[in-house]
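# A look at the structure
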Amino acid sequence: MTGAAQWARGGMSIGSVLDLLRPDFPDITISKIRFLEAEGLIRPERTPSGYRRFSVADCERLRFVLTAQRDQYLPLKVIKEQLEAIDSGAASLGVREARARAHSVRPEPVPGDGERATAGERAGAPRRLGVVPGEISPDELRFDHEVRLTRADLLDQAGIDEKFLTDLIRANLITPGAAGFFDADAVTLAKTARAMSEFGLEARHLRAFKLAADREAALVAQIAAPIAKSRDAGARARAEETVRELAALSLTLHTSLVKASVRASLGN
């Protein structure tokens, strides 16, 4: 179903909005859209079942926000003030007008005008915000609190034996919950550890990875903690969003650094 057809039927889903914006904003994610909603920059309607439905105006506001962030590096507070001016009637918002306002230059030519932005015109633009292309997306870091696996479930799904699991737990690589259950990540971790064991790496050898992960997690938590302590209603959601974004970036950075180090050690 096309975007126009969905709008005619009462608005677009968040996934459809993502598809609509991604050609212009490759780094946009569902979590980013949710974060902007939590910040009050967009206000999509909700269906009786709780699903978001985005109107044409919602999509224009999103495009306005993303363009201002990307090309002018404006903080959300300033962007929100601009949107409030638009809402009060002191300014207008359209697709081309929104882009022009964010650029503080003439409106962007529409396809067919025979004009294209050159690399030189964008050379002085600030770095783009959002998640850089990489191995991990913030959406992959959402916690699934519904998965509760018994010890037997974990052994079966990961394809490991009791001794191997005991070694992983003793090395503090896997930790059961208070009730003794495991989550889905424990399965992935156990499978990975089993695969690495085929190269002669035992659970005790993997402690180095755990220590490095703990240090990275502590850094992310240190940055997110002040946000979580804020007293406003959306503080927790913003803190969780920050944790996911930073964790995704740190994992991408970690992967790149490991690749570079391995390449150097092999003399490539």
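Predicted, not measured: the structure shown is a model, and the values here were computed from it.

The next point concerns the side chain of R238. Topologically, R238 is positioned in helix α11 (residues 235-265). There is a polar contact of 2.9 Å between the side chain of R238 and the side chain of E39. With residues up to four places along the chain from it excluded, the contact list for R238 reads F35, E39, I227, S230 and D232.

The next subject is the nonpolar core. Counting 24 residues, the largest nonpolar core has V17, I33, L36, F54, L62 and I79 as its most contacted members. Elements represented by at least two residues in this core include exactly α2 (14-21), α3 (30-38), α4 (56-72) and α5 (76-87). Considering each element in turn, this core owes the most residues, six residues, to α4. One finds A158, F182, V187 and A203 within the second-largest nonpolar core, a separate group that totals 18 residues.

A few words now on helix α9 (residues 184-197). Taking 1.5 Å of rise per residue, 14 residues should cover 20 Å, and α9 covers 20 Å from first to last C-alpha, within 8% of that figure. When we look at burial in α9, the residues that qualify are A186, V187, A190 and A193. In a view along the axis of α9, the buried residues occupy a sector of 135 degrees, so they form one face of it. Elements that come into contact with the buried residues of α9 comprise α7 (151-158) and α8 (162-170). Residue D183 occupies the N-cap position of α9, its side-chain oxygen lying 3.2 Å from the main-chain nitrogen of D185.

As a further point, take the packing of α4 against α5. Interaxial distance between α4 and α5 falls to 10 Å at its minimum, and their mutual angle equals 145 degrees. For the element pair α4 and α5, the recorded crossing hand is right-handed. Counting all contacts with α4, which are made through R61, F64, V65, A68 and Q69, the residues of α5 involved are L76, I79, Q82, L83, I86 and D87. In terms of residue class, the contact of α4 with α5 is built from seven nonpolar, two polar and two charged.

Using the criterion set out here, one finds 10 salt bridges in the structure. Note that D167 and K163 form a salt bridge whose closest N and O atoms lie 3.1 Å from each other. Of this pair, D167 and K163 both sit in helix α8, four residues apart, which is roughly one turn of that helix. Note on K163: relative accessible area 60%, which makes it exposed. For D214, the salt bridge goes to K210, with nearest N and O atoms at 2.9 Å. Here K210 and D214 lie together in helix α10 (residues 207-228), a separation of four residues that amounts to about one turn. Through salt bridges with shared partners, a single network forms among E37, R46 and R52.

With respect to the helices, strands and loops of the structure, D153 is situated in helix α7. Distance in space between the C-alpha atoms of D153 and V187 is 9.1 Å, their sequence separation being 34 residues. Within the structure, D153 has its side chain in polar contact with the side chain of T150 (distance 3.0 Å).

In this section: unusual backbone geometry. With a phi angle near 65 degrees, N172 is a residue other than glycine that sits in the positive phi range. Note on placement: N172 falls in the loop between α8 and α9. With a relative accessible area of 35%, N172 lands in the partly exposed category.

Attention now moves to the packing of aromatic side chains. The final tally for this structure, using the stated rule, is zero aromatic pairs. The ring of F181 has R148 lying over it, and the distance from NZ or CZ to the ring centre is 4.1 Å.

We now examine the environment of L206. Looking at where L206 falls in the secondary structure, it is placed in the loop between α9 and α10. Distance in space between the C-alpha atoms of L206 and A171 is 8.1 Å, their sequence separation being 35 residues. The contact partners of L206, leaving out residues within four places of it in the chain, are L173, A193, M196 and L201.

Definitions and cut-offs
- Residues numbered from 1 in each chain as written.
- Predicted model: local features only at pLDDT ≥ 70, side-chain atom pairs only at ≥ 80, totals over all residues.
- Heavy atoms only, no water.
- Helix = DSSP H or I, 4+ residues; strand = E, 2+ residues; numbered from the N terminus.
- Polar contact = N/O pair within 3.5 Å; in protein donor to acceptor, adjacent residues only side chain to side chain.
- Contact = heavy atoms within 4.5 Å.
- Core = buried A, V, L, I, M, F, W, Y, C linked by side-chain atoms within 4.5 Å.
- Buried < 20%, exposed > 50% of the residue type's maximum accessible area, 1.4 Å probe, protein only.
- Expected span 1.5 Å × (residues − 1).
- Arc of directions from axis to C-beta.
- Axes fitted to C-alpha atoms, helices over the stretch in contact; angles between N-to-C directions.
- Left-handed = near helix turned anticlockwise from the far one by under 90°.
- Nonpolar A, V, L, I, M, F, W, Y, C, P; charged D, E, K, R; others polar.
- Salt bridge = Lys/Arg side-chain N within 4 Å of Asp/Glu carboxyl O.
- Phe/Tyr/Trp six-rings, centres within 6.5 Å; stacked < 30°, edge-to-face > 60°.
- Lys NZ or Arg CZ within 6 Å of the ring centre and 35° of its normal.

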